[in-house]
Amino acid sequence: MTACLGVILDHNSNTQKFFGGGEVNDERRGEQNDHDMHNDDILGLEISPDRSFAVTCQRGPKPTCFSWDAATGEKKMRFTLPKGSRGINCCSISGDGKYMACVD
Amino acid sequence: MFDLGSGGQVFKQAGDKNKIYDCAFDRKPGSTTLVTAGTKHIKFWETIGEQKKNSGIHGDFPMTSHCVACFDDEGIAYTGGHNGMVYKWENRHCASTTKAAKSGFVSAIRAVDGQLFAGGKCGTVTVFALPDMSVTNTVSFDSMVRAIDHQNGNMLVGLRNGSIMHVSGGANKEIMASHHDGEVWGLDTLKGKVCTSGDDNQVIVWDVEKRVKESSMIVSNEKRQSKAGRASTLSHKAASQCSRAVVCRDNGVVVVAANDGRVHVWDDVKASAPVATLTESDEWI
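Rules used throughout
Residues numbered from 1 in each chain as written. Chains lettered and ligands numbered in written order. Predicted model: local features only at pLDDT ≥ 70, side-chain atom pairs only at ≥ 80, totals over all residues. Pairing = 2+ DSSP bridges. Helix = DSSP H or I, 4+ residues; strand = E, 2+ residues; numbered from the N terminus. Axes fitted to C-alpha atoms, helices over the stretch in contact; angles between N-to-C directions. Contact = placed C-beta atoms within 7 Å. Nonpolar A, V, L, I, M, F, W, Y, C, P; charged D, E, K, R; others polar. Domains from an automatic or database assignment.

Looking now at the sheet that holds strand β20 (residues 202–207) of chain B. Sheet strands line up and pair through hydrogen bonds in the backbone, either parallel or antiparallel. Residue and element names in this part refer to chain B. With antiparallel pairing, 4 strands are arranged side by side in an open sheet as β18-β19-β20-β21. Each having just a single partner strand, β18 (184–190) and β21 (212–218) make up the two edges of the open sheet. Going across the sheet, the axis of each strand differs from the next one's by a mean of 20°, ignoring polarity. Pairing between strand β19 (residues 193–198) and β20: 4 bridges, direction antiparallel. In the strand pairing of β20, T196 is matched with I204.

With that settled, the discussion passes to the interface of chain A and chain B. Size of an interface: often given as the accessible area lost when the parts come together. Chain A puts 21 residues into the contact, and the matching count from chain B is 29 residues. Elements that contribute at least two residues to the side of chain A that touches chain B include exactly β6 (75–80), β7 (90–93) and β8 (99–103) of chain A. Considering each element in turn, the side of chain A that touches chain B owes the most residues, 4 residues, to β8 of chain A. Here the residues of the side of chain A that touches chain B are counted per class, giving 10 nonpolar, 8 polar and 3 charged. Sheet topology places β8 of chain A next to strand β1 (residues 2–3) of chain B; 2 bridges connect them, and they run antiparallel. Bridge pairing in β1 of chain B places M100 of chain A opposite F2 of chain B.

All names here are of chain B. Across the sheet, which stays open at both edges, the 4 strands sit in the order β14-β15-β16-β17 with antiparallel pairing between neighbours. The sheet is open, and its two borders are formed by β14 (145–151) and β17 (171–176), each paired with just one other strand. On average, each strand axis in the sheet is tilted by 25° relative to the strand beside it, whichever way the strands run. Sheet analysis places strand β15 (residues 154–159) next to strand β16 (residues 164–168), joined by 4 bridges and oriented antiparallel. When the bridges of β16 are listed, V157 appears paired with M165.

Another aspect to go through is the domain arrangement of chain B. For chain B, the domain assignment lists domain 1 (20–176) and domain 2 (184–278). Taking the mean C-alpha position of each, domain 1 of chain B and domain 2 of chain B sit 36 Å from one another.

Here it is in structure tokens:
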């Protein structure tokens with residue numbers, strides 16, 4: 001993870017895929033909304049026990065978490081904490097891969 | 001706590017009045033026990049059904065702040081303390097402590113494949129065999145350990161200096177490198193390569209075709225603030241160590257302007273020290 005971007009590195013071919021990134025949707029403010037990707041620094045990452053997907057969490061007053069495919073970077077689910085929350089600095093996935101916990 | 005399938009929130013409760021640094025689920029399939037670790041506390045949560053929380057009991061072992069936490073496959077929790085110790089927890093009671101970090105706090109922990117991996121601020125990863133906690137290996141790096149993973153004899157270690165190390169068969173290989181503190185400000189080309197400098201006290205030359213870091217050098221070992229002030233930055237480095245611009249010439253000369261107004265000239269990117277430093281500027285760059 002780096003800034004707002006999840007990075008999938010194939011270290012054999014030394015190539016990368018990404019979760020997030022792209023053009024901003026508010027050119028005046030230079031901002032991206034958080035519907036499909038992180039729009040602030042990612043503070044925590046956890047990969048599922050079967051390594052099929054990852055969960056990342058971000059900082060900010062209305063932080064979001066995303067689960068995304070660990071092979072393709074495709075978004076699976078978005079989770080939000082209410083406005084006024086603090087940044088989410090860690091997350092964890094249950095052993096059966098059904099639940100995700102995060103702490104703000 | 002959220003359901004990963006539906007996205008719905010299934011559990012929410014106030015944690016502790018102190019800051020929480022890490023959380024971890026019990027890895028046993030079907031278990032929803034959660035541990036949270038933070039300043040001067042550790043708590044165990046039953047998140048589904050009874051929904052209760054209990055504080056960890058240190059007993060005769062010293063109280064500390066717990067920086068990181070994990071569970072092993074047997075349902076035993078481990079936390080890394082600010083005092084450099086790994087705490088082993090059985091049914092929320094501390095069962096033992098073991099020294100893991102030579103100095104500073106334990107900054108990363110992971111229990112997998114019958115082993116416990118604990119990384120410290122000192123840059124050392126200590127490998128313990130479970131459940132007896134005997135030390136089987138130690139691996140040292142040149143920066144604080146931020147994350148550890150292990151699978152099939154391969155260990156990945158993420159470091160504070162922006163690099164990811166692959167450890168296999170006793171060999172360390174850097175598989176990813178980056179600037180890591182503040183912003184990247186300087187960009188130029190050098191003999192077909194790309195040269196960048198940033199607020200992390202580094203100048204890095206990248207081989208774009210191979211997509212690898214070719215070499216790096218330090219902007220300045222001196223920690224000096226400019227009397228004229230400095231530019232806004234997210235970096236934790238002193239102004240003399242924050243680079244604001246880099247210019248490269250075809251003859252190999254690299255010129256770096258630091259935020260404290262000084263300009264350093266190297267005759268080669270692999271040189272150990274600059275050949276000249278210009279100090280005339282009274283303004284920050």
